[in-house]
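# Observations on the model geometry
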Amino acid sequence: MSFDAEKEIAKLWAKCQAVQDENRRTFYQCREAAIQMAGDGADENAIALKAWEIKGKDVAKSYLPRIRMDKPKFVENIAKLFVNSWRNQGAVVTVEPGADENEVFIVWERCPWPTTAKQYGAPMAEDLAGCDLALQTTIADVALFSNRNLKIETTKAIPRGEGKCVRRLWLEQ
Amino acid sequence: MARQIFEWDYTNYPGAKKYPHVFSPIQLGNLIIPNRVKYAATEDNLNSHDGYITDEDVAYMRERARGVAGGLCTMQGVYMDERRFGQGYVGQAAAWDDKFIPGLKRIADAIHEERAVANYQLMHCGRVGGVETPFCEGPSFLPQRLRLFKPVHEMSHEEVEISIQQHVDAARRGVEAGFDVMEISGIVGYLISNFLSSYTNRRTDEYGGDVYARCKFMTDIIKGVRGAIGPDIPLIIRICAWEQLDDVGGNTQDESMIVYQEAVKAGVDSISVTVGWQESIVPVISRDIDFGTWLWVPENAKKHVDVPLSMAYRLFHADMADKAIADGKIDYWENCRPQIADPDMPLKYLEGREEDIRWCVACNVCLARLFRDAPMTCYINPTCAHENDPSYYPQPASTKKTVFIAGGGPAGLECAWVAADRGHEVHVYDDREKLGGTIIDAGLAPYNDDELYRIIDFHKAQCDKRGVEFHMGETLTAEILEEELPDTVVIATGADYLRGNGAPGFDRDNVISLTEALYETKPVGDRVVVWGNRKPGIGCALALAKKGKKVTLVGPERTVGKDINPSFRWRYNMFLRQNGVTSYNDCDIAEIEDGRVIIMTYDGHRVPVEADTVVYAERGPSAFAAELKAAAAEESIETYVIGDAVVPRGLSGAVHDGYKIGLRI
């Protein structure tokens, strides 16, 4: 039986992208359900942010078993965990070095989340605030667990039309 | 003046001559204990879910008390809070009220009736103790590293003081119940260890800070308990000499030694040395860890404290313990899992019956069951947790029968000795020249899997003592059945390795069986695909990878090693990664071609993998067992099928099947 490697890879790649799309759609479907259930007058933004916060909390749970404080490049290793998470979701993300080993920049060259937000009519401000909150929540738990003063801030954002998202991750001394 | 509760004279016991240090007395505080054996506290989930002691737990403890032959026998740790904080196991004994004293007294009495020294343990499970509560208690709020455990509530100063008093009150109840020795558990992530560790204690009040401040919770408990129990009852504490939490900022080994010194200053008479937490990423007690690995830990601790030290971890054998005592590395020998597997293990050493010891295989099924709220069980000991049920023990058969057993593996041999013990005439047939069946092959896997074979040594000795007749190199056939007409046939022939799934290419010369690969009776190329991602396939893959082969594991299970105990599976996953084995799970072989194998994923994708050799390690029903069963039916012979011949499983299924059918014939 012949084996067409290109065809097999193309099929797998298409499935992978479909799963990534489905993941984001599910998030926004559940967001819509929660908003509708909350009824008129509910704070849609607050509901959406709560969902992002829960997502951040759960991401932290998956990071904690992987934290190795006895290994060098602690900050870079945390950044790489974010990179892997977002790559799995379809983003193009890299880590760039900062001033020293206690600072790195996580750069999202491409991210599919704002596009999905648009498809479901969610404002860009919510997408940015939600993503920021998820990251802040994850970092807060990682910082608490590791007993290190780890911080993250957004310096550029695709939802603001700045072409890419850049987050500074650093250890405050 | 030191006192002794029971007099034991070991003079005429062979074990006392062979292991003179183990079977010599030791003084803990003001109490002389006749020997240096201690059964360590073990939860068993046998008690009622409101903390009362049950008949099953009393019977379980009585057996272990008999086994220590005058030594120290520890009951499971009790929880001490009416709200059930600190309860780590659903069937854990409680001691938060005087109403539990009568039940606890039953345990103390049972231990005393076996003339052993009764040790009582206080155990608040801290950040891993919240089986019946929405959250756990700990010194500081800290997210859980393991999803298994509930969120942690940071104890207020008042709650800390209440907890200390609960320890003191529960200690007093232990004394009133009649226990001779008091033990405080501060191990593996339980509350005291949470306070001691820089990883989990971030408090800024008097119970947090540097290592000395972090010791305050422990020393307050020690002092309070000492006050409650008086000077004559020895006080032991179990604490980590090495947390193995360097990766998350836990205590250094130097800090742990300061903890030891503070515990002694506060008034303990002895320390049980432990290593690691449940949250540690370094394994401590699994089978791949060599015996005696951790002896340097108490040896180091002895440089810092001058009270008797004991240790349990991977110290299964009396010769090793005896030497460790002689060399001054430990003062007494603690064991837990070996006495789950064989409650009489130390007693058998004493009586010179070492061949009768049913050895623990360090599988950790006992622990896995407890974490899943199930009653204790043992992989290798069918009577474990059934001590209160006489029907689980051999009784003389009402009708003596001639029993033919096909297969000299663990199922057949277990059945053979039990049936012979009951008075049957038993014959075991096996086409191999050596007893052991599948375990011989399994023992070839790396990481100390050769320990598995010790069950066969046990079986052989039991069979020999009971006159079981072996027909080695002889297959039990339909012709033999027709000629000899035994009363009963037991078919324990194991499973067959399946040569393929019908996919093209399985008939090629480079497709070989697991046994051909392991025994190297056929050539194995440098690139190997092993078909079967259960235990046999994993063992074979690791054995070949250790020989430098590039191994790919392919199998139908959704995760590799689905048939392995979850508490041990992570080890195998790690071994596979370390040895560069690639796994394709939920997959099958679609085709075997020249130099490569086409793997089919569950959803139809095809992946080519280079391979010189394909090893089949999937098992299925035994064709021979079916034939023999039909032949026995033809002669109207009572027939049983056991072990992997029923359905491919593991050593535990084989032993438990064999034992139960041995009781039934």
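Residues numbered from 1 in each chain as written. Chains lettered and ligands numbered in written order. Predicted model: local features only at pLDDT ≥ 70, side-chain atom pairs only at ≥ 80, totals over all residues. Heavy atoms only, no water.

## Description of the nonpolar core
Residues and elements named next belong to chain B. Put simply, the test is: Nonpolar core, defined: a set of buried Ala, Val, Leu, Ile, Met, Phe, Trp, Tyr and Cys residues in which side-chain atoms within 4.5 Å join the residues together. Relative accessibility thresholds used throughout: buried, under 20% of the residue-type maximum; exposed, over 50%; partly exposed, between the two (1.4 Å probe, protein chains only). A run of H or I in DSSP counts as a helix once it spans at least four residues, and a run of E counts as a strand once it spans at least two, with each numbered from the N terminus. Here the bounds of each domain stem from an automatic or database domain assignment. By definition in these notes, contact holds between two residues if any of their heavy atoms fall within 4.5 Å.
With 159 residues, the main nonpolar core has Met75, Leu104, Tyr120, Leu122, Phe179 and Met218 as its most contacted residues. Counting residues per element, this core draws most heavily on helix H14 (residues 410-421), which supplies eight residues. Per-domain counts for this core show at least three residues from each of domain 1 (21-355) and domain 2 (394-495 + 621-664). Apart from residues no more than four positions distant in its own chain, leucine 122 is found in contact with Val78, Met80, His167, Ala170, Ala171, Met182, Glu183, Ile184, Ser185 and Val225.

## What about unusual backbone geometry?
Of all residues except glycine, most have a negative phi; of all peptide bonds, most are trans. Residue and element names in this part refer to chain B. Its identity is not glycine, yet tyrosine 447 carries a phi of approximately 65°, on the positive side. Here tyrosine 447 falls in the buried class, since its relative accessible area comes to 18%. Backbone geometry at serine 636 places phi at a positive 55°, although glycine is not the residue there. Mapping serine 636 onto the fold places it in the loop between helix H21 (623-634) and strand E28 (638-641).

## Considering the sheet that holds strand E16 (residues 469-472) of chain B
Residues and elements named next belong to chain B. Basically, it comes down to this: Each pair of strands is called paired provided DSSP finds at least two bridges between the two strands. Interaxial angles span 0 to 180 degrees and are taken between N-to-C directions of axes, which are lines fitted to C-alpha atoms, for helices over the stretch in contact.
Pairing within the open sheet is parallel, and its five strands lie in the order E16-E15-E14-E17-E28. The sheet is open, and its two edges are formed by E16 and E28, each paired on a single side. The average angle at which neighbouring strand axes cross in this sheet is 15°, direction not considered. Judged from the four bridges that link them, strand E17 (residues 488-491) and E28 form a sheet pairing that is parallel.

## A short note on the packing of aromatic side chains
Quick reminder of the rule: In this analysis, rings of Phe, Tyr and Trp, with Trp reduced to its six-membered ring, are considered paired at centre separations within 6.5 Å, and the interplanar angle assigns stacked below 30 degrees, edge-to-face beyond 60, and tilted for intermediate values.
The tally for this structure, following the rule as stated, stands at 33 aromatic pairs over all chains. Here the aromatic rings of B:Tyr52 and B:Phe100 are separated by 4.8 Å at their centres, their planes lie at 40°, and the arrangement is tilted. A residue pair is termed long-range when its members are at least 10 positions apart, and B:Tyr52 in the loop between strand E4 (37-39) and helix H2 (55-67) and B:Phe100 in the loop between strand E5 (72-74) and helix H3 (101-113) qualify at 48 residues. For B:Tyr52, a relative accessible area of 33% translates into the label partly exposed. Residue classification places B:Phe100 among the buried positions, given a relative accessible area of 2%. With centroids separated by 6.1 Å and ring planes inclined at 65°, the aromatic side chains of B:Trp333 and B:Tyr349 adopt a geometry described as edge-to-face. Taken together, the positions of B:Trp333 in strand E13 (residues 332-335) and B:Tyr349 in helix H12 (residues 345-350) put the pair 16 residues apart, joining distant regions of the chain. Judged on exposure class, the residue B:Trp333 and its partner B:Tyr349 are both buried. In this structure an aromatic cluster arises from ring pairing among A:Phe27, A:Tyr28, A:Trp52, A:Trp113 and A:Tyr120.

## Comments concerning the interface of chain B and chain A
Put simply, the rule reads: Two parts placed together each lose some accessible area under a 1.4 Å probe, and the buried area is that loss summed for both. Only one rule defines a salt bridge in this text: a Lys or Arg side-chain nitrogen within 4 Å of an Asp or Glu carboxyl oxygen. Definition of a polar contact: a pair of N or O atoms within 3.5 Å, with one able to donate and the other able to accept a hydrogen when the atoms are protein atoms, and with sequence-neighbouring residues admitted only if both atoms are side-chain atoms. Gly is put with the polar residues, along with every residue not named as nonpolar or charged; the nonpolar set is Ala, Val, Leu, Ile, Met, Phe, Trp, Tyr, Cys and Pro, and the charged set is Asp, Glu, Lys and Arg.
Each partner contributes to the interface: chain B provides 23 residues, whereas chain A provides 21 residues. A combined buried area of about 2000 Å² lies between chain B and chain A, and 54% of that area is made up of carbon and sulfur atoms. Interface area lost by chain B to chain A is led by B:Arg147, B:His605 and B:Arg606, which between them contribute 32%. Across the contact surface, chain B and chain A share four salt bridges. A salt bridge links A:Glu8 to B:Arg606; its shortest N-O distance comes to 3.9 Å. Here chain B is connected to chain A by eight residue pairs in polar contact (both at pLDDT 80 or more). Residue assignment for the side of chain B that touches chain A shows that the elements contributing at least two residues are strand E23 (587-593), strand E24 (596-601) and strand E25 (606-610) of chain B. Here the side of chain B that touches chain A is built from residues that sort into nine nonpolar, four polar and 10 charged.

None of the figures reported here should be taken as evidence of function without further support.
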